[in-house]
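Chain by chain, the residues:
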Amino acid sequence: MRVPMLYKEEPSQGRVDTRKLAGTGVFAALSIVMSPIAFMLPRVGWGQAIIDPVSLPWMFCFFLFGLKSGLSCAIIGALALFFFDPTAIPFLGPVWKLIATTPLMIVPYALRFSFRGERKGFATFGAYALASIPAILVRAAIMPPLVLLYFSLFFGSWWEFHGGLVIVAATIAALNTLQSVVDIGVPWATLYAVKRFLY
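Residues numbered from 1 in each chain as written. Predicted model: local features only at pLDDT ≥ 70, side-chain atom pairs only at ≥ 80, totals over all residues. Heavy atoms only, no water.

**Looking at the packing of helix α1 (residues 18-40) against helix α2 (residues 56-65)**
Alright, step 1. Close contact between α1 and α2 brings their axes to 8 Å; oriented N to C, the two are set at 165°. With respect to α2, the element α1 is oriented roughly antiparallel. Both α1 and α2 take part in a crossing whose hand is right-handed. Between α1 and α2, the contacting residues are R19, K20, G23, T24, F27, L30, S31 and M34 on the first element and P57, W58, F60, C61, L64 and F65 on the second.
Alright, step 2. Class assignment for the residues of the contact of α1 with α2 results in nine nonpolar, three polar and two charged. (Axes fitted to C-alpha atoms, helices over the stretch in contact; angles between N-to-C directions. Helix = DSSP H or I, 4+ residues; strand = E, 2+ residues; numbered from the N terminus. Parallel < 35°, antiparallel > 145°, perpendicular 65-115°, else oblique. Left-handed = near helix turned anticlockwise from the far one by under 90°. Contact = heavy atoms within 4.5 Å. Nonpolar A, V, L, I, M, F, W, Y, C, P; charged D, E, K, R; others polar.)

**Remarks on the side chain of T101**
Alright, step 1. Within the secondary structure, T101 is located in helix α4 (residues 93-111).
Alright, step 2. If sequence neighbours within four positions are ignored, T101 has contacts with S55, W58, M59, R139 and D183.

**Some details on α4**
Alright, step 1. Its 19 residues place the ends of α4 28 Å apart at the C-alpha level, agreeing with the 27 Å of an ideal helix rising 1.5 Å per residue.
Alright, step 2. Among all positions of α4, only P94, W96, K97, A100, T101, T102, P103, L104, M105, V107, P108 and Y109 are buried. (Expected span 1.5 Å × (residues − 1). Buried < 20%, exposed > 50% of the residue type's maximum accessible area, 1.4 Å probe, protein only.)

So, in structure tokens, the structure goes:
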């Protein structure tokens, strides 16, 4: 199955790409709108959402407009969520969401240069999936230690109340893996269906 190739971001030569700028703002705003919905969705005992749609607009922005726009959208959205997200104190939801989502953009972007030794992006779904798997693994590897360390600073061995360290770490990794599949799969499948890959 063929997919549209990633668009190579050309130097702006001092000019601002208004399409990318507007798209970044729109998708950042959408992530803020989705924040109340995310707060109402099911969560595990320590507050982590089973599925969180807040990062979906960030990934749509990445697929449509490229790495710089995607990262800018994620940063703007995360900063804005401090004022709207009920979990923003003390820097809980937005910061973790930003840290967890950025590997899904940076790792595939970096790996795309290795395919066929040329900057052609992903010519097939298999190549795209192959580049996405390391990104998912990176996220699943970094988030459990961060979550465990964060809560342990305030609550000590808090995992003992949720089945033990191994169970909690495995659950965090599993939820991040599930969220990664959603974050990557939903935008890719949607944009492929309507043939709107601009990046």
